[in-house]
Amino acid sequence: MAFHSDKSQHLDKIGNVKKLAILTSGGDSQGMNATIRAITRVAIYHGIDVYGIYEGFNGLIQGGEMIRRLSWDHVSGIIQKGGTILGTARCKEFHDKKGRRCAIQNLLLNKIQYLCVIGGDGSLTGASLLSDEFDEHCLTICEMQSIPDIASISSKMTFLNVLGIVASIDNDMCDIDMTIGTDSALHRIIDAADSIKTTAGSHQRVFIIEVMGRRCGHLALMSALTTEADYLFIPEVVINISKVNIIYLHATLVWLLPNGSCSSLGASDLPYV
Ligand SMILES: Nc1ncnc2c1ncn2[C@@H]1O[C@H](COP(=O)(O)OP(=O)(O)OP(=O)(O)O)[C@@H](O)[C@H]1O
Ligand SMILES: O=P(O)(O)OC[C@H]1O[C@](O)(CO)[C@@H](O)[C@@H]1O
């Protein structure tokens, strides 16, 4: 493997090797590993030190062992695997400024100025806040003087570059064709729905299939179309369930709705069929 020949490319303004950290956050989605692999290897190719932050923003707030160096080999053999080798999480503390200040503190301590956040809309909102608040948090951290030499570290780290990559099965991000993970999730739903249909047909039963997608009906809509569902309920279209004509003993009646929509639709009141 040939590495980048221009050594100056990977040095920052004061001559240190650039450090890039990667984390995955929110719901896991197929393709996160391929993304981690691609970023790690391209960065290493350019002479940049790469770090993995484990368990999303939790790991960034915790620091220490949760931030570890990633080598070329660490990301070997993961391209086809679902989930994320870095682990993912939802992190309550990150919603608060105090949590994000801890995150900045750990980035300073590790001298990391480039951060790549792989996740859904929530994760990228958090990442964007981290970038916006960088100067403010640096100032507070210096004033608090809780870390030795923090003022000198902070004076050398004058910026934080944050890159967001949209990975979510929900496909709920505007201006992009498809979020990483959506297509694989769709395949899974269609496989499952196809199997359920044969049982529905054999028993003359109604099956309600709840799919994921949170407040976005994309997965439900696409899978309803491709599996010939008779009814489709999505958050984007409000339907009065009492007006839906339930056809008893319909051979393959399949409904699709994103998770969390059941109670608002009153679907729990449906008659047993
Ligand atoms: N408004 C926000 N401010 C700060 N941090 C946030 C915000 N929204 C989300 N986050 C952080 O990002 C994490 C993940 O967000 P969320 O649960 O919305 O998942 P997501 O990134 O949208 O992924 P998915 O689409 O797979 O659900 C949250 O647990 C929280 O730590
Ligand atoms: O059980 P949790 O943590 O709320 O996660 C479920 C949510 O995560 C997702 O799988 C991905 O965002 C959504 O489709 C779903 O609503």
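See the structure shown above.
Residues numbered from 1 in each chain as written. Chains lettered and ligands numbered in written order. Predicted model: local features only at pLDDT ≥ 70, side-chain atom pairs only at ≥ 80, totals over all residues. Heavy atoms only, no water.

1. Comments concerning the sheet that holds strand 4 (residues 114–119)
Alright, step 1. Judged by pairing direction, the sheet is mixed, and its 5 strands sit side by side in the order 3-2-1-4-5 without closing on themselves. Among the strands making up the open sheet, the edge pair consists of strand 3 (67–69) and strand 5 (161–166). Strand-to-strand, the axes of this sheet are offset by a mean angle of 25°, without reference to chain direction.
Alright, step 2. Summarising the sheet, strand 4 and strand 5 pair through 6 bridges and their orientation is parallel. Counterpart to L115 in the pairing with strand 5 is V162.
Alright, step 3. Against the sheet, helix 1 (residues 32–45) makes contact with strand 1 (19–24), strand 2 (49–53), strand 4 and strand 5, and its axis sits at roughly 180° relative to strand 1, the strand it touches most. (Pairing = 2+ DSSP bridges. Helix = DSSP H or I, 4+ residues; strand = E, 2+ residues; numbered from the N terminus. Axes fitted to C-alpha atoms, helices over the stretch in contact; angles between N-to-C directions. Contact = heavy atoms within 4.5 Å.)

2. Description of the layout of surface pockets
Alright, step 1. As a volume, the largest pocket reaches approximately 660 Å³.
Alright, step 2. Every residue lining the largest pocket is counted, 29 residues in all, and those nearest its centre are G26, R90, G122, S123 and R214.
Alright, step 3. A per-element tally of the lining of the largest pocket places helix 4 (residues 121–132) first, with 6 residues. (1 Å grid on protein atoms, 1.4 Å probe; cavity = no way out; pocket = protein on both sides within 12 Å on 5 of 7 lines; lining within 4 Å. Points joined across faces, edges and corners; volume = space filled by probe spheres on them.)

3. Quick word on the state of the cysteines
Here, the word disulfide means a covalent bond between the sulfur atoms of two cysteines.
Alright, step 1. Evaluation of the coordinates by the stated rule reveals 0 disulfides.
Alright, step 2. C91 provides the cysteine sulfur closest to C116, a residue in no disulfide bond, and the two sulfurs are 18 Å apart.
Alright, step 3. C216 carries a free sulfur, and the closest cysteine sulfur to it, the one in C174, is 11 Å from it.
Alright, step 4. For C216, a relative accessible area of 12% corresponds to the buried category. (Disulfide = S-S within 2.5 Å. Buried < 20%, exposed > 50% of the residue type's maximum accessible area, 1.4 Å probe, protein only.)

4. Observations regarding the pattern of salt bridges
Alright, step 1. Under the defined criterion, the tally for this structure stands at 4 salt bridges.
Alright, step 2. For the salt bridge of E136 with K97, the shortest nitrogen-to-oxygen distance reads 2.5 Å. Residue E136 is located in helix 5 (residues 134–144), and its partner K97 is located in helix 3 (residues 97–109); the two are separated by 39 residues in the primary sequence.
Alright, step 3. Look at K97 and you get partly exposed, because its relative accessible area is 41%.
Alright, step 4. For the salt bridge of E133 with R100, the shortest nitrogen-to-oxygen distance reads 2.8 Å. Taken as a pair, E133 in the loop between helix 4 and helix 5 and R100 in helix 3 lie far apart in primary sequence, 33 residues in all. Considered together, E133 and R100 belong to a single accessibility category, that of buried residues. (Salt bridge = Lys/Arg side-chain N within 4 Å of Asp/Glu carboxyl O.)

5. As for helix 5
Alright, step 1. Looking at helix 5, one finds that the buried residues are F134, H137, C138 and I141. Around the axis of helix 5, the buried residues are gathered within 105° of arc, so they sit on the same side. What points out from helix 5, more than 90 degrees from its buried face, is the exposed set D135, L139 and E143.
Alright, step 2. Tucked inside the fold, the buried residues of helix 5 contact helix 3, helix 4 and helix 6 (150–156).
Alright, step 3. Of the residues trailing helix 5, Q145 is marked for its positive phi of about 50°. (Arc of directions from axis to C-beta.)

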